[in-house]
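Results of the structural survey
If you want the building blocks of each chain, they are given just below.
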Amino acid sequence: NELQLTKRKFCRLVAQQYDSTGRFLSPSIIRGKILYSTICRYGLEWDEELPEELEREARKYLKELQKLMSNLKPWDRPLLLMNAKLIKIVATRDGSATGLGALIYFISRLPNGEKISRIAAGKTRVSNLTMNAAEASGIPLSLNIIANMIAELEDQLEVLDLLIISAGDCES
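This is a predicted model, so every value here is computed, not measured.

When helices and strands are tallied, the chain shows four helices and four strands. Within the chain, buried positions represent 36% of all 172 residues. Relative to all contacts within the chain whose residues are 6 or more apart in sequence, the contacts with residues 24 or more apart total 65%. Taken as a whole, the chain presents about 10800 Å² of accessible surface, with 53% of it coming from carbon and sulfur.

To continue, consider helix α1 (residues 7–15). For an α-helix, the turn length of 3.6 residues means that residues three or four places apart are oriented alike. Within α1, the full set of buried residues consists of Lys7, Lys9, Phe10 and Val14. Projected onto a plane normal to the axis of α1, the buried residues spread over an arc of 165° and lie on a single side. The inward-facing, buried residues of α1 abut α2 (26–41) and α3 (52–71).

Of all hydrophobic cores here, the largest spans 14 residues; its most connected members are Leu5, Phe10, Leu35, Ile39, Leu50, Ala58 and Tyr61. Contributing elements (two or more residues each) for this core: α1, α2 and α3. Tallying contributions element by element places α3 first for this core, with five residues. Once residues within four sequence positions are removed from consideration, Tyr61 is found in contact with Phe10, Val14, Ser28, Ile29, Arg31, Gly32 and Leu35. Grouped together as the second largest cluster of nonpolar side chains are six residues, Ala91, Ile104, Phe106 and Ala120 included.

The topology assignment puts Lys7 in helix α1. For the buried Lys7, no salt bridge is present, and the opposite-charge side chain at shortest range is Glu45, 7.1 Å distant. When residues no more than four places from it in sequence are discounted, the contact partners of Lys7 are Tyr36, Ile39, Cys40, Leu44, Glu45, Trp46, Glu48 and Leu50.

Looking now at the packing of aromatic side chains. This model, assessed by the stated rule, comprises one aromatic pair. The lysine or arginine in question, Lys7, covers the ring of Trp46, its NZ or CZ lying 4.9 Å from the ring centre.

Our next topic: the environment of Ile119. Turning to its location among the elements, Ile119 is positioned in strand β3 (residues 115–126). Owing to a relative accessible area of 36%, Ile119 belongs among the partly exposed residues under this scheme. Along the backbone, Ile119 and Val90 are 29 residues apart, and their C-alpha atoms lie at a distance of 9.4 Å.

What follows is about the state of the cysteines. Here the structure, examined in full by the defined rule, presents zero disulfides. Take Cys11: it sits in no disulfide, and the sulfur closest to it among the cysteines is that of Cys40, at 7.5 Å. On the basis of relative accessibility, which here comes to 32%, the residue Cys40 falls in the partly exposed class.

Here we take up the pairing of strand β1 (residues 85–95). Of the pairings in the sheet, the one linking β1 to strand β2 (residues 99–109) comprises 10 bridges and is antiparallel in character. Across the sheet, Thr92 pairs through a bridge with Leu103, a residue of β2. Taking the residues that link successive antiparallel strands as the turn, the β1-β2 hairpin has three residues.

Bringing the pattern of salt bridges into the picture now. Inspection of every chain in the model, using the stated rule, returns four salt bridges. Two residues, Arg8 and Asp47, come together in a salt bridge whose shortest N-O distance is 2.7 Å. Here the residue Arg8 occupies a position in helix α1, and Asp47 occupies one in the loop between α2 and α3, the gap between them amounting to 39 residues. Between Glu64 and Arg31 there is a salt bridge; the shortest N-O distance is 2.9 Å. Of the two residues, Glu64 is situated in helix α3 and Arg31 in helix α2; the sequence distance between them amounts to 33 residues. Among the residues examined, Glu64 registers a relative accessible area of 33% and is labelled partly exposed. Owing to a relative accessible area of 42%, Arg31 belongs among the partly exposed residues under this scheme.

Procedures and definitions
- Residues numbered from 1 in each chain as written.
- Predicted model: local features only at pLDDT ≥ 70, side-chain atom pairs only at ≥ 80, totals over all residues.
- Heavy atoms only, no water.
- Helix = DSSP H or I, 4+ residues; strand = E, 2+ residues; numbered from the N terminus.
- Buried < 20%, exposed > 50% of the residue type's maximum accessible area, 1.4 Å probe, protein only.
- Contact = heavy atoms within 4.5 Å.
- Areas by Shrake-Rupley, 256 points an atom, 1.4 Å probe, with all protein chains shown as cover.
- Arc of directions from axis to C-beta.
- Core = buried A, V, L, I, M, F, W, Y, C linked by side-chain atoms within 4.5 Å.
- Lys, Arg positive; Asp, Glu negative; His and termini not counted.
- Salt bridge = Lys/Arg side-chain N within 4 Å of Asp/Glu carboxyl O.
- Phe/Tyr/Trp six-rings, centres within 6.5 Å; stacked < 30°, edge-to-face > 60°.
- Lys NZ or Arg CZ within 6 Å of the ring centre and 35° of its normal.
- Disulfide = S-S within 2.5 Å.
- Pairing = 2+ DSSP bridges.

Pasting the structure below:
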């Protein structure tokens, strides 16, 4: 039945959403991954229909994801502008008992002195770790993304500054 939402169908629909750099979809995809892990904890078979409360939540998520995808135009926002000089790579990371993530963004200076920022990459993971372990797991995730980006862009980069921010660093 095409209208029936099963564990298999939900997994397939979430897995179909692909964003190679994570620049646009990471925050939305992590919600789907967490929801999928909740579905798995119910012990359902692959083709078993989701319980009503899970199906309602899954359909709401899929509808929001579809709306996001229909409005997404990643080509409208180039990562590096031709007339801008990259001056800083910023890495942020955060984690909780349900998930962890890392976000990398570039800060560039335009010829007129104005600074602009662009999300360069993002990565999320579902976590079953304690809060402190999830926080710590975000560090290698951030560093791995940065290393890959620098390797890809090394001939274009003259970075003066690299800043890694932890969620705890922002607390007052």
